[in-house]
Amino acid sequence: MTIHLGHLIHITGAPDLRDAAQSLVDVADGALVIDDETGVIVYSGPRSGLADALSDGGALPDADAARGVTIDHGDAFLIPGFVDAHIHFPQTYSLDAYGGGQLLEWLNTCIFPAEARLADPEFARRIAREFTARRIAAGTTAAMVFGSAFPHAQDALFAETARVGLRLVSGRGIQTVGPDSAGPLITSEADAIALTTAEIDRWHAADTGDPATSLLHTAIVPRFTLSVTTETLRALGELYAEVSGRGVYVHTHLNENNRPGTGEIDTVKKLFEVDSYLDTYDGKFLPGSARGGESLLGRRTVLAHAVHCTEAELARMAQTGTSIAHCPTSQLFLGSGTMPWLSTIASGVTVAAGTDCGGGDEWLISRVLSDAFKVHISEPGDRGVSIHPAELLFTGTLAGARALDAEERFGNLDAGKEADFLVIEPERWPPLAAMLENGIRSDDPELARDQTLFALLMGLREPAIGEVYVRGRRVSAD
Ligand code: GUN
Ligand code: ZN
């Protein structure tokens, strides 16, 4: 066993977002005990409870404890690893890419040409290493990763992720139509299915052979409706019906850009003649939203953005267990608007956080949570809301695990979970240390606790993340 001592903060249990504050655990003198063999947390709580748990008749066998190692992190915070529910691997070098305007122009001018560079296997290996190193630096222990079109680049991503020991869900980005700039990323209909099937067979649960214990999972990833045809959607629906029993995921974009006439949503509706954008992923992609194939929605489906959804679309997502990756940093950068927070949450859909790098220009999920706080307090009238710090933490951790349908494995620091956690050492980033030390705190202990959590999330930067653990094992890029 390994015992980590530090200041534990996490959202316990399996609450809804609105119960996150009641489920906030904050133990200044905390201890996490991890079974070295399984990487599972066997004790989580105050140090004072440790002696009891280790004593004769306690929950933890003495003999194991005697063989254990204790790591005292001092005043450092131990928080769950961040879950990034939407990030683009081939855009690692494309954060803050200028020259594009909004979504469709930016894709055409900046992104498709940048992604085409991964055709070079040496470049693909380099970008896979850089992407993985950025994830470790940002404490992103689990991620839904939008992949490259090129199988060798996906091989490099999975291999590097397996080497360092992070969690990964990813699939090659599927494009069967598009503008000239996307030419190198486009394949035939037959190749789109063959390459995706080959990736699933090669990488799904490749580390343990069992999706229930694996750190590596694959996804079916049509880029968005405008990059595929009705034929592709039909074939992908068929493929999903075949592989969903193996725990394969679906990942794509929904309702991101609503510029009238020429934006993404209007173009989807005009080209496909459907009633709603969501219908195209729900098997109803023929004119008039007539059924043309199997649905891609479900508990392992994560749709990025969902900024401009109708009530019916949200209701259908809730009904099918489909989740939203909320990416406010990217939405600011690309002028995509603001996902209405209260009504989206009220629909019952799980809302997790996504960086959407390179549409978003921050790797750190807490920076995305900071932007979420700012954009949602700025929503007009009574739609504006000051999101509770526990709800922010929930959105960046447990909600992400839920969106990945892996909540029983990680997302908080409860006993029984696989130990994915970060050691936050504020003195490594002096502005954070200074805020925590000198910021105003209420006399009300509960509010003071919330104020400290808020300062921690808003003031966190990569240098303060001292150590990153996945399943109890320290992760490093070396
Ligand atoms: N829609 C289709 N492709 C993309 C992409 O690469 N980034 C974002 N933000 N939206 C998309
Ligand atoms: Zn995206």
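Look up a bit, the structure's there.
Residues numbered from 1 in each chain as written. Chains lettered and ligands numbered in written order. Predicted model: local features only at pLDDT ≥ 70, side-chain atom pairs only at ≥ 80, totals over all residues. Heavy atoms only, no water.

### Topic: the site of ligand 1
The immediate surroundings of ligand 1 are formed by His88, Gln91, Leu103, Trp106, Leu107, Arg223, Phe224, His253, Glu256, His305, Leu334 and Asp356. Between ligand 1 and Glu256 there is a distance of 2.7 Å, counted from a nitrogen atom to a side-chain nitrogen or oxygen. Within the side chain of Asp356, one N or O atom sits 2.7 Å away from a nitrogen atom of ligand 1. Among the elements that make up the shell around ligand 1, the one with the highest residue count is helix α3 (residues 103-116) (three residues). Looking at the shell around ligand 1 residue by residue, the classes come out as five nonpolar, four polar and three charged. (Near = heavy atom within 4 Å. Polar contact = N/O pair within 3.5 Å; in protein donor to acceptor, adjacent residues only side chain to side chain. Helix = DSSP H or I, 4+ residues; strand = E, 2+ residues; numbered from the N terminus. Nonpolar A, V, L, I, M, F, W, Y, C, P; charged D, E, K, R; others polar.)

### A few points about the sheet that holds strand β15 (residues 465-470)
The strand order across the open sheet built from seven strands is β3-β2-β1-β4-β14-β15-β16, with neighbouring strands paired in mixed fashion. Two strands in the sheet have a free side with no partner beyond their single neighbour: β3 (41-46) and β16 (473-474). Examined bridge by bridge, strand β14 (residues 421-424) and β15 share four bridges and lie antiparallel to one another. Residue pairing for β15: Phe421 is matched across the bridge by Tyr469. (Pairing = 2+ DSSP bridges.)

### Thoughts on the packing of aromatic side chains
Applying the stated criterion across every chain, the model contains seven aromatic pairs. Relative to Phe123, the ring of Tyr93 has its centre 5.8 Å away and its plane inclined at 65 degrees; by these criteria the two rings are edge-to-face. Taken together, the residues span a long stretch of sequence, with Tyr93 in the loop between β5 (82-88) and α3 and Phe123 in helix α4 (residues 121-137) at a distance of 30 residues. Judged by relative accessible area, Tyr93 falls into the partly exposed class, the value being 37%. Its relative accessible area of 7% is what places Phe123 among the buried residues. With 6.0 Å between their ring centres and 65 degrees between their planes, Phe131 and Trp363 make a pair best called edge-to-face. Taken together, the residues span a long stretch of sequence, with Phe131 in helix α4 and Trp363 in the loop between β13 (351-353) and α12 (365-377) at a distance of 232 residues. Taking relative accessible area as the criterion, Phe131 reaches 1% and is therefore assigned buried. Of the residues examined, Trp363 reaches a relative accessible area of 10% and is grouped as buried. (Phe/Tyr/Trp six-rings, centres within 6.5 Å; stacked < 30°, edge-to-face > 60°. Buried < 20%, exposed > 50% of the residue type's maximum accessible area, 1.4 Å probe, protein only.)

### Points about the coordination of the zinc ion (ligand 2)
Binding of the zinc ion (ligand 2) to the protein goes through His86 (NE2), His88 (NE2), His253 (NE2) and Asp356 (OD), at separations of 2.0 to 2.2 Å. For the zinc ion (ligand 2), the four donor atoms in the first shell make angles of 87 to 173 degrees at the metal, a pattern classed as irregular. Mapping the donors of the zinc ion (ligand 2) onto the primary sequence yields the spacing H-x1-H-x164-H-x102-D. You'll find His86 and His88 in the same group, each marked buried. (Donors = N, O, S within 2.8 Å, 3.2 Å for Na, K, Ca; no water. Tetrahedral: all angles 85-135°; square planar, octahedral: opposite > 155°, others 65-115°.)

### A look at the environment of Val375
Secondary-structure assignment places Val375 in helix α12. Classification of Val375 by relative accessible area gives buried; the value is 13%. Along the backbone, Val375 and Gly99 are 276 residues apart, and their C-alpha atoms lie at a distance of 24 Å. When sequence neighbours within four positions are dropped, the list of residues in contact with Val375 reads Pro328, Leu332 and Thr338. (Contact = heavy atoms within 4.5 Å.)

### Describing the side chain of Thr452
With respect to the secondary-structure elements, Thr452 resides in helix α16 (residues 445-459). Engagement of the side chain of Thr452 in a polar contact is seen with the side chain of Arg441, the distance being 2.9 Å.

### Side note on the side chain of Thr218
By the element assignment, Thr218 lies in strand β9 (residues 216-222). Non-local contacts of Thr218, meaning those with residues more than four positions away in its chain, are made with Phe158, Val169, Ser170, Glu199, Ile200, Trp203, His204, Val248 and Tyr249.

### Structural notes on the nonpolar core
For soluble globular proteins, the rule of thumb is that nonpolar side chains tend to be buried together. Grouped together as the largest cluster of nonpolar side chains are 129 residues, with contacts concentrated most on Phe89, Ile220, Leu404 and Ile424. Leave out the neighbours within four places in its chain, and Leu404 touches Val83, Ala142, Met144, Val169, Tyr249, Arg300, Val302 and Phe410. (Core = buried A, V, L, I, M, F, W, Y, C linked by side-chain atoms within 4.5 Å.)

### Quick word on the environment of Glu122
Mapping Glu122 onto the fold places it in helix α4. Glu122 gets classed as partly exposed once you look at its relative accessible area, which sits at 41%. Here the alpha-carbon distance between Glu122 and Glu264, two residues 142 residues apart in the chain, equals 33 Å.

### Looking at the state of the cysteines
In the structure shown here, the tally under the stated rule is zero disulfides. Cys357 provides the cysteine sulfur closest to Cys110, a residue in no disulfide bond, and the two sulfurs are 15 Å apart. Note on Cys309: no disulfide assigned, nearest cysteine sulfur contributed by Cys327 at a separation of 12 Å. (Disulfide = S-S within 2.5 Å.)

### Thoughts on unusual backbone geometry
With the exception of glycine, most residues fall at negative phi, and the peptide bonds are largely trans. A cis amide bond links Cys357 with the next residue in sequence, Gly358, at an omega value of 0 degrees. If you trace the backbone, Gly358 turns up in the loop between β13 and α12. Look at Ser289: it is not a glycine, yet its phi comes out positive at around 60 degrees. By the element assignment, Ser289 lies in the loop between α8 (264-272) and β11 (301-305). The backbone of Asp405 shows a phi angle near 55 degrees, a positive value even though the residue is not glycine.

Treat this as a map of the structure, not an account of what it does.
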